[in-house]
Amino acid sequence: MISEIVIVQHPLSACLPLNYRVTLSVRAVGTGPLSYQWFQAEDEVPGGTGADLVFEARCTQKYVCRVNDKHCNCVFSEWVKVKVCDIPRPLARPSGTWQGEPLIAVNPASQTVRRGERVTLQCSAFGIPAPDYQWYRNGNPLPGKNRETLQIENVDGDHEVWYLCSVSNVLEEKWTKPAKISLVVPDPPAASELTATDKVALLIGNLNYAHHPALMAPMMDVHELANLLRQLGFRVVSLLDLTKAEMLAAIDAFLQLLDRGVYALFYYAGHGYECSGRNYLVAVDAPQPYRPENCVSVQGVMRRMQERHTALNVILLDTCRKWYNQNCALSEIRSLAPLGNTVYGYATCEDAVAFEVQDGERSSGIFTKYLNKHILRPEKITRVLEQVSEDLGRDPLVTGRQVVEVRHTLKDPRGLGDPVRTAGHTRELRVRDLCWRRANELPERRTLAFPCGAEVELSFSALFSNVIIIFAAVKPGDRGVLDCSLSLRSNPVMEDVFSNLGRLDRMDSLLPNDTLSPDCSLRLCGLQKLQRSLVIEVELHYTRADCGARLTESRQQDVGKPLVARCELHRRTQAAGPAEPGGGGTGGRAPPS
C-alpha cells in the first residue's frame, strides 16, 4: 500500500507564442483520492484544481502544482517556466499538428560592425519542453554559450566568421541559418600612415629553354632580388625554369595569397615579346617560333592581381618587347574598373630589346642591375623606378637601344618599404604564412648511422624555392673505418640543369658564406615537378683498418616533399586555363653588341 504521495510525471517547461493554448500536466499516486492546486508564482490559479491546467499563454510566468491527499499530506511538483515570445512575424508558428518539437522563430542576423565594438546575436525558438541552445563558430561549439543570446565583446579580425545555433529538445534538433560578422573596411590611411597588412612576392626566372637560346642573367637576378625583397619584409617564392603550365599554376597559387591591404609584387626575367599591345612571357617549353598560346599573358596576370583588391600591385618585367606578327588574334583580356595602386615597370620600351650585361664573373639583366641598386630606398615605388630609368639611361652600353618604361595608376604614395601592420588581419595572415612556409620549408638536419659504425649527417639549403642542395658529411666515428668518401643519388632522379653551360660556379657562388664544407653535395632542380616523396640514397665508401678491404654501404632517407614540391603545383596544371589565341615570332633578352 502506498502511504505517501509520489509524483510520477512533472509538468514541462515550454516556450510559446503569445496567446497559444497550452496544457500543463502533473500525475501523482497516493492513498485515497488526491486533490490538486496550481500556483502562478506565489498565487493560486483560480479554478486550477485539476491534474491538467489549460490556459492561453499571455506572459512569461513560473508554475507549480501542489498535490494533497485526505490525510493532509502534500507534495509539490517541480517548478516550470512558460516563456512567451511576443514576435510580430516569426519565421515559424506552431500549427494544429505541432507536437512540441523546436520551431525556430528568430534566426541570428549577419552584421557589419567596426573593430572593437560589441556584437549581440539572437536566437529564439518555440518548443515543449523548452529547447536548449548551443552556439557554434565556424562549425565548432563554443563552450558555455548555451543561452538564446550570444555576446561577442571587442570584435576584431578573428571574429570575421560564421556563427549559428543548435536548438534541441527531447523530440528533435534544428539549426538556425548562419550569420556572418564582418568588419567595416576602414578608410585608406593618411599618406604618413600608409601600411601593408602583408607583403608577398613571386619571382620567376627562365634560363634553360628547350627551343630558344639559353640565358645567363635570370638566375643571379632572381636570387639577388629575392634577398633584397626579404629585407623589405616580403614573403618571397622564387622559381627557375617553368613550363607554361607550371607558370600558370605558380601564378594561381600566388594570387590566392592576395587580399585587401596586401602589397603584391610579380617579377619575371627571361624571354618575352609584344604582340599588338599585349606582352607575353615565354615558358621554357615554348616551341619555335613561339606563339601567344604557348606563353603567359602579362595583361592577364595584371588583371587577376587587380581583382584581388590589393593595396599595391607591382609588376616588374626584365624581358624584350619586340613586336611580332601584328595580325594575330589578341588574348581575351577584359578591361578593369579604375582601381588604382598598380605599377608596371618594363625593362624596355615597346618594340625594343632588353639586354644582359657581363660584369666580371656576374651576368645580370641591365634593368635588374639598377633595380637592385635602388629597391631598398625608402621612397615611393614610382620614384624608385624613375631612378632606375635615369641610371640605365646614362649607361653607355645601352644608350639609344634600351629605355625603361614605367606606367602606373598609383593614387597613394606607397613604397615597398612601407611597414606591415597585421592588427585585425591575423586570420588571413595565418593562412598566408602557412602557404608561404609550405613553399619554403626545408627538411630538418638528420644523422644516418651505418652498420660499420660511421655516421653521416645530412643538411639542406635552398637557393630558390624549387632548387635544393643536399650536403652530406661523415662524422668522426669508429677508428676501424678509414678513407671515407660519399656519393648521393635521388629517387626519383632529378636533373641538375645548372651543371651545364658553365653555370656550376655561378650557382655555387649563391651559397651562404657560412655553409660548411661537406664531403659530398647534390643539387636538385625543378622541385615543382616532384609528385611523390623525395628519397636520398647515401653511399658510404670506406677502407677497413684491420684488413685493408675497400667496402661500400648504403642507406636511404625519405625527406618528404621539400620546398615548393609541397604546394603540388602539378595538380593545378590541369586547370592552367585555356590557350591564348595569337601569332608567332621570336624574341628575348640579348647581350649588348
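Residue indices begin from 1 for each chain and proceed along its sequence in written order. Whole-chain, interface and lining totals are the exception, using all residues; otherwise, since this is a predicted model, local features are given only for residues with pLDDT of at least 70 and side-chain atom pairs are given and counted only at 80 or more. As a convention, hydrogens and water are excluded, and side-chain values are obtained from all of the structure's heavy atoms.

Undergrad: Looking at this structure, I do not really get the overall build of the protein. What am I missing?
TA: Each helix and strand counted, the protein has seven helices and 38 strands in total. Note on exposure labels: buried denotes an accessible area under 20% of the residue type's maximum, exposed denotes more than 50%, and partly exposed covers the range between, all computed with a 1.4 Å probe on protein chains only. In the protein, which comprises 593 residues, the proportion classed as buried is 50%. Intrachain contacts of the protein at a sequence separation of at least 6 include 73% that bridge at least 24 residues. Labels follow the DSSP assignment, with helices taken as runs of H or I lasting at least four residues and strands as runs of E lasting at least two, numbered in each case from the N terminus. For this analysis, residues touch if any pair of their heavy atoms sits within 4.5 Å.

Undergrad: I keep staring at the sheet that holds strand E36 (residues 520–525) and nothing clicks. Help me out?
TA: Strands belonging to one sheet form pairs held by backbone hydrogen bonds; the direction of such a pair is parallel or antiparallel. The four strands are arranged E32-E33-E34-E36 in an open sheet whose pairing can be described as antiparallel. In this open sheet, the two strands that pair with only one neighbour each are strand E32 (446–449) and E36. Within this sheet the neighbouring strands show an average axis-to-axis angle of 25°, counted without direction. Sheet topology note: the E32/strand E33 (residues 455–464) ladder contains four bridges and is antiparallel. What sits directly across from threonine 447, in E33, is glutamate 457. When DSSP locates at least two bridges between a pair of strands, those strands are taken to pair. Where helices are involved, their axes are fitted lines through C-alpha atoms of the stretch in contact, as for all axes, and angles between N-to-C directions lie from 0 to 180°.

Undergrad: Quick question: what am I supposed to make of the pairing of strand E5 (residues 35–40) here?
TA: In regular strands, side chains alternate between the two faces of the sheet. For E5 and strand E8 (residues 61–68), the ladder comprises six bridges, and the chain directions are antiparallel. Directly across from tyrosine 36, in E8, lies its bridge partner valine 67. Connecting E5 to the next strand, strand E6 (residues 43–44), in antiparallel fashion are two residues, including alanine 41 with a positive phi near 60°.

Undergrad: Is there a simple way to think about the environment of serine 13 in this case?
TA: Along the chain, serine 13 falls in the loop between strand E1 (6–9) and strand E2 (14–17). With 50 residues separating them along the chain, serine 13 and tyrosine 63 place their C-alpha atoms 9.0 Å apart. Discounting residues that sit within four places of it in the chain, serine 13 has contacts with Val80, Lys81, Gly127, Ile128, Pro129 and Ala130.

Undergrad: What exactly am I supposed to notice about the side chain of arginine 414 here?
TA: Secondary-structure assignment places arginine 414 in the loop between strand E31 (405–408) and helix H6 (426–440). For arginine 414, a relative accessible area of 5% gives the class buried. By the criterion applied in these results, polar contacts are pairs of N or O atoms within 3.5 Å in which, for protein atoms, one can donate a hydrogen and the other can accept it, and in which residues neighboring in sequence qualify only through two side-chain atoms. Reaching out from arginine 414, the side chain makes a polar contact with the backbone oxygen of threonine 195 at a distance of 3.4 Å. Only 2.8 Å separates the side chain of arginine 414 from the side chain of tyrosine 263, close enough to count as a polar contact.

Undergrad: Just checking my understanding: could you explain the nonpolar core for this structure?
TA: The nonpolar side chains of soluble globular proteins are, as a tendency, buried together. We define a nonpolar core as any set of buried Ala, Val, Leu, Ile, Met, Phe, Trp, Tyr and Cys residues linked to one another through side-chain atoms lying within 4.5 Å. With 70 residues, the main nonpolar core has Leu202, Phe266, Met305, Leu524 and Val538 as its most contacted residues. Among the elements that take part in this core, helix H2 (residues 244–255) stands out by supplying seven residues, more than any other. Ranked by size, the runner-up nonpolar core spans 51 residues in total, among them Leu207, Ala354, Leu385 and Val497.

Undergrad: For this particular structure, what's the right way to read the packing of aromatic side chains?
TA: Describing an aromatic ring pair means giving the distance of the ring centres and the angle of the ring planes. In this analysis, rings of Phe, Tyr and Trp, with Trp reduced to its six-membered ring, are considered paired at centre separations within 6.5 Å, and the interplanar angle assigns stacked below 30 degrees, edge-to-face beyond 60, and tilted for intermediate values. The full count for this structure, using the stated rule, is five aromatic pairs. The interplanar angle of 50° and the centroid separation of 6.3 Å between the aromatic rings of phenylalanine 39 and phenylalanine 76 together place this pair among those described as tilted. Here phenylalanine 39, found in strand E5, pairs with phenylalanine 76, found in strand E9 (residues 74–76); they are 37 residues apart in sequence, far enough to count as distant. Taking relative accessible area as the criterion, phenylalanine 76 reaches 43% and is therefore assigned partly exposed. The criterion is that NZ of a Lys, or CZ of an Arg, lies within 6 Å of the ring centre and within 35 degrees of the ring normal, and then a charge sits over that ring. One cation-aromatic arrangement involves arginine 321 over tyrosine 346; the distance from NZ or CZ to the ring centre is 4.0 Å. Arginine 401 extends its terminal NZ or CZ atom over the ring of phenylalanine 355, reaching a point 4.9 Å from the ring centre.

Undergrad: Would you mind showing me how to read helix H3 (residues 298–307) here?
TA: Count 3.6 residues to each turn of an α-helix, and residues three or four apart come out pointing the same way. Burial runs high along H3: eight of the 10 residues are buried. When H3 is considered as a whole, its buried residues turn out to be Val298, Gln299, Gly300, Val301, Met302, Arg303, Met305 and Gln306. Elements in contact with the buried residues of H3: H2, strand E23 (262–269), strand E25 (278–282), strand E26 (295–297), strand E27 (312–318) and strand E28 (342–346). Capping the start of H3, serine 297 holds a side-chain oxygen 3.4 Å from the backbone nitrogen of glutamine 299, two or three residues further along. At the C-terminal side of H3, histidine 309 shows a positive phi close to 55°.

Undergrad: What's the story with the packing of helix H1 (residues 217–231) against helix H4 (residues 366–374) in this structure? I'm lost.
TA: Their axes nearest at 10 Å, the elements H1 and H4 cross at an angle of 15°. In terms of their interaxial angle, H1 and H4 are classed as roughly parallel. When you trace H1 past H4, the crossing you get is left-handed. Of the residues in H4, those in contact with Asp221, Glu224, Leu225 and Leu228 of H1 are Thr368, Leu371 and Asn372. Between 65 and 115 degrees an angle is taken as roughly perpendicular, under 35 as roughly parallel, over 145 as roughly antiparallel, and anywhere else as oblique. The sense of a crossing depends on the near helix, which, turned anticlockwise from the far helix by less than a right angle, makes the crossing left-handed and, turned clockwise, makes it right-handed.

Undergrad: Please explain the sheet that holds strand E37 (residues 535–544) as it appears in this structure.
TA: Pairing within the open sheet is antiparallel, and its three strands lie in the order E35-E37-E38. Edge strands, defined here as strands with exactly one partner in the open sheet, are strand E35 (481–491) and strand E38 (550–558). Averaged over all adjacent pairs, the angle separating strand axes in this sheet is 20°, with direction ignored. Here nine bridges tie E35 to E37, and the two strands are oriented antiparallel to one another.

Undergrad: I'm lost on the environment of alanine 179 in this one. Help?
TA: Looking at the element boundaries, alanine 179 is found in strand E20 (residues 179–183). The exposure class of alanine 179 is buried, given its relative accessible area of 0%. Along the backbone, alanine 179 and alanine 109 are 70 residues apart, and their C-alpha atoms lie at a distance of 5.4 Å. Contact partners of alanine 179, with chain neighbours within four places excluded, come to Pro108, Ala109, Ser110, Val161, Trp162 and Tyr163.

Undergrad: Can you walk me through the packing of H2 against H3 in this structure?
TA: Packed helix pairs are characterised by how far apart their axes lie and by the angle those axes make with each other. It is the contact of H2 with H3, at a shortest axis distance of 10 Å, that shows an interaxial angle of 15°. Judged on the interaxial angle alone, H3 and H2 are roughly parallel. At the point where H2 passes H3, the crossing takes the right-handed sense. Within the contact between the two elements, H2 uses Ile251, Asp252, Phe254 and Leu255 and H3 uses Val301, Arg304 and Met305. Under the scheme applied, nonpolar residues are Ala, Val, Leu, Ile, Met, Phe, Trp, Tyr, Cys and Pro; charged residues are Asp, Glu, Lys and Arg; polar residues are all the others, including Gly. Looking at the contact of H2 with H3, its residues break down into five nonpolar, no polar and two charged.

Undergrad: Just checking my understanding: could you explain unusual backbone geometry for this structure?
TA: Peptide bonds are trans in most cases, and residues, glycine excluded, mostly fall at negative phi. Of the consecutive residues glutamine 288 and proline 289, the connecting peptide bond is found in the cis state with omega at -5°. Put simply, asparagine 491 and proline 492 share a cis peptide bond, and its omega is 10°. As for its position among the elements, proline 492 is in the loop between E35 and helix H7 (504–508). Here cysteine 72, not a glycine, exhibits a phi torsion of approximately 65°, which is positive. Among the secondary structure elements, cysteine 72 is positioned in the loop between E8 and E9. When its relative accessible area of 70% is taken as the criterion, cysteine 72 is described as exposed.

Undergrad: Explain the pairing of strand E18 (residues 162–168) to me, please; I cannot follow it from the model alone.
TA: One ladder, built from six bridges, connects strand E15 (residues 132–137) with E18; its direction is antiparallel. Within the sheet, the bridge partner assigned to tyrosine 136 lies in E18 and is leucine 164. Judged from the two bridges that link them, E18 and E20 form a sheet pairing that is antiparallel. Directly across from tryptophan 162, in E20, lies its bridge partner lysine 180.

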